[in-house]
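Remarks on the overall topology
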Amino acid sequence: DDIWLAGKVEWAAAAITDNASEDPVLYCGRSYLTDESLKPCGVIDPVPKGPSLANALVQNIAPGHTMAMNAAMVRLAAATLRPGEVVMHDCWLYLVAAAVGHVIVDQQPHAYYRQHSGNEEGYRYGRLARAVNELRRLGSRDRSEWTRQAQALLETVGPRLKPADLAQVQAFLTQDTIRSRLRYLRRYGFVYQVKRLPLAAMALYGLGRYRVGQASLIYA
């Protein structure tokens, strides 16, 4: 589906090297959208609010085809990835890197993302089309997959989370009652990169659409 532009690897390597961290570092970026014949027709949206754990709990901004990582991130990915318990592999890598490492988002596209009939996810052209598509996803997809993924985060790297981050993830997972869900929304809200979706997503969370079951999901 994807074509890397000349220099893509060098850009990613330089960004990771400039970070100069021994912690896990994940690099990702935007892409040019193309049709099946690789004719450019748009650009994936920017991420004005930047990467964060709060954002990674409810949204993915790290396309897998743009990713690169340092050795520490490779080890972290190998040790924590749980097929069947994550939304998608790139969502998980963004979440765990945001939780215990560093995420670099390159706003300059260095790849083509080719749209065709066989795309597993795809990306809609135009703001209105993307908004309609995202709202349709919110209403039709299983939102509890984000909760299962957050639970997997606690089970794999919980002891490494900063106290404030641990408290937020625990609060996100405490969904048994309307009161607990509203408490989370009042304190944290949902951090989305676009203006159209947080209210719809928060409404679904408040209504219990992100719940997995009755069992407590608190890390001890």
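Look up a bit, the structure's there.
A brief look at the structure comes next.

1. Topic: the overall build of the protein chain
For the protein chain, the count of helices and strands is 9 helices and 7 strands. Across the protein chain, every contact between residues at least 6 apart in sequence was considered, and the portion connecting residues at least 24 apart equals 75%. Accessible area of the protein chain: about 11100 Å², with a carbon and sulfur share of 56%.

2. Section: the nonpolar core
Most often, soluble globular proteins have nonpolar side chains that are buried together. Of all hydrophobic cores here, the largest spans 49 residues; its most connected members are Leu57, Leu153, Val169, Phe172, Phe190 and Tyr210. In terms of residue count, helix 4 (residues 89-100) provides more of this core than any other element does, 10 residues in total. Counting 6 residues, the second largest nonpolar core, distinct from the first, contains Ala12, Ile16, Val25 and Tyr27.

3. Re unusual backbone geometry
If you check the backbone angles, Ala20 has positive phi at about 50 degrees while not being a glycine. Structurally, Ala20 can be placed in the loop between helix 1 (8-19) and strand 2 (25-29). Residue Leu38 is not a glycine yet carries a positive backbone phi of 70 degrees. Here Leu38 falls in the partly exposed class, since its relative accessible area comes to 32%.

4. Section: the packing of aromatic side chains
The geometry of two aromatic rings is summed up by the distance between their centres and the angle between their planes. Throughout the structure, instances matching the rule amount to 12 aromatic pairs. Ring geometry for Phe172 versus Phe190: centroids 6.5 Å apart, planes at 45 degrees, classification tilted. Remark: Phe190 occurs in the loop between helix 8 (178-187) and helix 9 (198-206) and Phe172 occurs in helix 7 (residues 163-173); sequence separation between them is 18 residues. By relative accessible area, Phe190 is classed as buried at 8%. Note on Phe172 and Tyr205: the rings are 5.5 Å apart at their centroids and 20 degrees apart in plane angle, and the pair reads as stacked.

5. Here we look at the sheet that holds strand 7 (residues 111-114)
The pairing of strands in a sheet happens through backbone hydrogen bonds and is either parallel or antiparallel. Taking strand neighbours across the sheet as the criterion, the 4 strands line up as 1-7-3-4 in an open arrangement whose pairing is mixed. The open sheet has two edge strands, strand 1 (2-4) and strand 4 (40-43), and neither has a second partner. Pairwise comparison of adjacent strand axes, ignoring direction, gives a mean angle of 25 degrees for this sheet. Relative to strand 4, strand 3 (residues 32-34) runs antiparallel, the two being bridged by 3 bridges. Bridge assignment links Tyr32 to a residue of strand 4, and that residue is Val43.

6. Some thoughts on the sheet that holds strand 5 (residues 68-69)
With mixed pairing, 3 strands are arranged side by side in an open sheet as 5-2-6. Either end of the sheet is taken by a strand with one partner, and the two such strands are strand 5 and strand 6 (102-106). As paired elements, strand 2 and strand 6 share 5 bridges and run parallel to each other. Counted as the bridge partner of Val25 is His102 from strand 6. On top of the sheet, helix 1 reaches strand 2, strand 5 and strand 6; it is set at about 140 degrees to strand 2, its chief contact.

7. Section: the packing of helix 3 (residues 71-80) against helix 4
The N-to-C vectors of helix 3 and helix 4 enclose an angle of 120 degrees; their axes lie 11 Å apart at closest approach. As for how helix 3 packs across helix 4, the hand of that crossing is right-handed. Note on element contacts: helix 4 touches helix 3 through Trp92, Leu93, Val96, Ala97 and Val100, opposite Met73, Leu76, Ala77 and Thr80. When grouped by side-chain class, the residues that make up the contact of helix 3 with helix 4 number 8 nonpolar, 1 polar and no charged.

Rules used in this analysis
Residues numbered from 1 in each chain as written. Predicted model: local features only at pLDDT ≥ 70, side-chain atom pairs only at ≥ 80, totals over all residues. Heavy atoms only, no water. Helix = DSSP H or I, 4+ residues; strand = E, 2+ residues; numbered from the N terminus. Contact = heavy atoms within 4.5 Å. Areas by Shrake-Rupley, 256 points an atom, 1.4 Å probe, with all protein chains shown as cover. Core = buried A, V, L, I, M, F, W, Y, C linked by side-chain atoms within 4.5 Å. Buried < 20%, exposed > 50% of the residue type's maximum accessible area, 1.4 Å probe, protein only. Phe/Tyr/Trp six-rings, centres within 6.5 Å; stacked < 30°, edge-to-face > 60°. Pairing = 2+ DSSP bridges. Axes fitted to C-alpha atoms, helices over the stretch in contact; angles between N-to-C directions. Left-handed = near helix turned anticlockwise from the far one by under 90°. Nonpolar A, V, L, I, M, F, W, Y, C, P; charged D, E, K, R; others polar.

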